[in-house]
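In case you want the letters, here they are:
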Amino acid sequence: YRIFKHYIPKSLLMLGLAEALILMVSVYLGVTLHMLEGQTSSSLALDGEHNGLIFKAASFALVMLAVMMAMGLYQRDLRDGPKAIMLRIGLSFSLGMLVMGGMFYLLPQFMLAGNVFAVALLSSFFGIASCRFLCFHTTDNRLKRNVLVLGAGERAQQIDKLRRRTDQTGVSISGYVRLQETETQLIDDEKLVVQEGSLMELVEKLEIDEIVVALDDRRKGLPVDQILECKMRGVKILQVTDFYERQLGKIRLDSLHPSNFVYSDGFSQAAFKSGSKRVLDLVVSLGMLVAVLPLMALTVVAIMIESGGLCSFVYRQERVGKNGKTFNVLKFRSMCEDAEKNGVAQWAVKNDSRVTRVGSFIRKTRIDELPQLFNVLKGDMSFVGPRPERPQFVKELSEEIPYYNLRHHVKPGITGWAQICYPYGSSVNDSMEKLQYDLYYLKNYSMFLDLTILVQTATVILWGKGAR
């Protein structure tokens, strides 16, 4: 499903709805047991009379779902086994209990009685664990769309190479049709489907739900009339670029043409979007500054102790921002002070010898990024956006990677879609991969996507994903 332009797999959405229902029912179960014990208070009876309990149950479900999302349980590329899934669920409920306790203190109108809360936590834990166990061991083909690929060349081969289970979420490739004799066949013969009659007849025979047009050169013959007939009969027609966008959460550069940007329904920066994004930046950055000021102070002390006294604990580095304008990004210093004494910009690599002991910790936990909150308040950066790069790297990457400068049409961010979907990059190939995620963000930007990225950033921090 496409919600606010962001693609969410049907199976993942249904899992979220099922677990939301489990969470809400667990609250009602706790209240029911409480009443059966003869301990019903007048306030609970009043809540039931005015249906106030549903708001308590909904708030419990929303908080727990948000914590589970922060723990990575709703990632589209989650490939953990049962034990790792149980660990994530256990941590989610431990953290959720603390968050709910804080909410009860700040908003007592949402408070649940102690034994009601305990029953709700316990029953929902076992309910969600059972739900995940069933999902892990069950594959429901009724949720999958049967897909027919038109083409047998290079573009079709790219689809055939999508081996990962998460890349094929919600789809089942029924076969490939070679429409053009001049097209170089790169698909194995056993995967080809012979079209004996019309395309519609083949679609009906194979019970196809979706057709992906993946021809290397459409100018050499495209059965437009037959494809139109399929569309009018309710079969969904996708270009290969749209197929990748939905399945991978990125826009592949090797399947792009300039017309994809010009005529697509995205890549717009309306005034309302920019204004609402700025409000979100200010609210989130101010709230976080208040919360993390003690942690920032401890970080300063740790850096100074390791350096043996007074030193530069924050460094400024020139980065490229919106519309190619440069600004100085702020970070806690995590490397030795002469890390680039020769003046040449270098990529950070795994187990980089320039990183200090304190620096290694604050990089893995992303504490080194906290001073960028001041960049957000100033307006040089947004909270969510493409990672800002150094001018030297931008010049090099712009010459080697097509469409690279498109990422500079929005403000860079502390976190972003590329940062949560792909680990830290230290090469041109890594930058190309991350650009494909940045383009997805540029095309499908919405407040919903920003909030999704903010919550899932916690997964990156808690599990140390991609830190160097």
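In this convention, every chain numbers its residues from 1, walking through the sequence in written order. In keeping with the model being predicted, local features are shown solely for residues with a pLDDT of at least 70 and side-chain atom pairs are shown and tallied solely at 80 or more, while totals for entire chains, interfaces and linings include all residues. Side-chain descriptors were evaluated using all non-hydrogen atoms of the structure, hydrogens and water having been removed beforehand.

### Some thoughts on empty space enclosed by the protein
Definition in use: Each cavity reported here is a set of points on a 1 Å grid over the protein atoms alone in which a 1.4 Å probe fits but cannot get out, each pocket an open set with protein on both sides within 12 Å along at least five of seven lines, and each lining residue one with an atom within 4 Å of a point. Grid points are joined across faces, edges and corners, and a volume is the space filled by probe spheres set on the points. Throughout, the ten residues Ala, Val, Leu, Ile, Met, Phe, Trp, Tyr, Cys and Pro are labelled nonpolar, Asp, Glu, Lys and Arg are labelled charged, and all others, Gly among them, are labelled polar.
Applying the stated criterion across every chain yields a total of one cavity of 30 Å³ or more. Taken together, V320, G321, P386, R387, R407, H408, V410 and P412 make up the full set of residues lining the largest cavity. For the lining of the largest cavity, a count of residues per class yields four nonpolar, two polar and two charged.

### Digging into the nonpolar core
Quick reminder of the rule: Among the buried residues, those of types Ala, Val, Leu, Ile, Met, Phe, Trp, Tyr and Cys that are joined through side-chain atoms within 4.5 Å form a nonpolar core. Only protein chains enter the accessibility calculation, which uses a 1.4 Å probe; a residue whose area is less than 20% of its type maximum is buried, one above 50% is exposed, and one in between is partly exposed.
Residues F332 and W417 are the most contacted members of the largest nonpolar core, which totals 48 residues. With 28 residues, the next largest nonpolar core counts F60, L65, M68 and F104 among its residues.

### Notes on the pattern of salt bridges
This is how it is decided: Whenever Lys or Arg places a side-chain nitrogen within 4 Å of a carboxyl oxygen from Asp or Glu, that contact is recorded as a salt bridge. Labels follow the DSSP assignment, with helices taken as runs of H or I lasting at least four residues and strands as runs of E lasting at least two, numbered in each case from the N terminus.
Overall, the coordinates contain 14 salt bridges when judged by the stated rule. The residue K443 makes a salt bridge to E245 at a minimum N-O spacing of 3.4 Å. Here K443, found in helix α16 (residues 428-444), pairs with E245, found in helix α9 (residues 240-248); they are 198 residues apart in sequence, far enough to count as distant. Assigned by exposure class, K443 and E245 land together as buried. Here R407 makes a salt bridge to D438, at a shortest N to O gap of 3.3 Å. A residue pair is termed long-range when its members are at least 10 positions apart, and R407 in the loop between α14 (391-400) and β10 (413-415) and D438 in helix α16 qualify at 31 residues. The residues R407 and D438 share a single accessibility class, namely buried.

### Comments concerning the packing of helix α3 (residues 53-70) against helix α4 (residues 82-106)
Note the cut-off: Angles run from 0 to 180 degrees between N-to-C directions of axes, and those axes are lines fitted to C-alpha atoms, restricted for helices to the stretch in contact. The labels follow the angle: roughly parallel below 35 degrees, roughly antiparallel above 145, roughly perpendicular from 65 to 115, and oblique for the rest. The crossing is said to be left-handed when, going from far helix to near helix, the turn is anticlockwise and less than a right angle, and right-handed when the turn is clockwise. Every residue pair with non-hydrogen atoms within 4.5 Å of one another is taken to be in contact.
Contact geometry for α3 and α4: axes closest at 9 Å, N-to-C directions at 135°. The orientation of α3 relative to α4 falls into the category oblique. Seen along the crossing, α3 lies across α4 with a hand that is right-handed. From α3, S59, F60, V63, M64, V67 and M68 reach across to α4, where they touch S92, F93, L95, G96, V99, M100 and M103. Here the contact of α3 with α4 is built from residues that sort into 10 nonpolar, three polar and no charged.

### Side note on the pairing of strand β3 (residues 145-150)
Residues in a regular strand project their side chains so that they alternate between the two faces of the sheet. Worth spelling out the cut-off: If DSSP finds at least two bridges between two strands, the strands pair. When the strands point away from the viewer and the connection leading from the first strand across the helix to the second strand turns clockwise, the crossover is called right-handed.
Pairing of β3 with strand β4 (residues 171-177), which is carried by six bridges, proceeds in the parallel orientation. Paired with N146 across the two strands is S172, which belongs to β4. In the classification by handedness, the crossover that spans β3, the intervening helix α6 (residues 154-160) and the parallel β4 is right-handed.

### Remarks on the packing of aromatic side chains
Here is the rule: Any pair of Phe, Tyr and Trp rings, taking the six-membered ring for Trp, is counted once the centres come within 6.5 Å. Such a pair is stacked with planes under 30 degrees apart, edge-to-face with planes over 60 apart, and tilted for the rest.
For the coordinates displayed, the defined rule picks out eight aromatic pairs. For the ring pair F60 and F117, a centre distance of 6.2 Å and an interplane angle of 85° mean the geometry is edge-to-face. Of this pair, F60 sits in helix α3 while F117 sits in helix α5 (residues 114-137); the two residues are 57 residues apart in sequence, bridging distant segments of the chain. A residue is classified by how much of its surface remains accessible, and F60, at 0% relative accessible area, is buried. Ring geometry for W417 and Y440: centres 5.6 Å apart, planes at 25°, overall stacked. A residue pair is termed long-range when its members are at least 10 positions apart, and W417 in helix α15 (residues 417-421) and Y440 in helix α16 qualify at 23 residues. Both residues of the pair, W417 and Y440, belong to the buried class. Grouped by ring-pair contacts, the aromatic residues F60, F104 and F117 constitute a single cluster.

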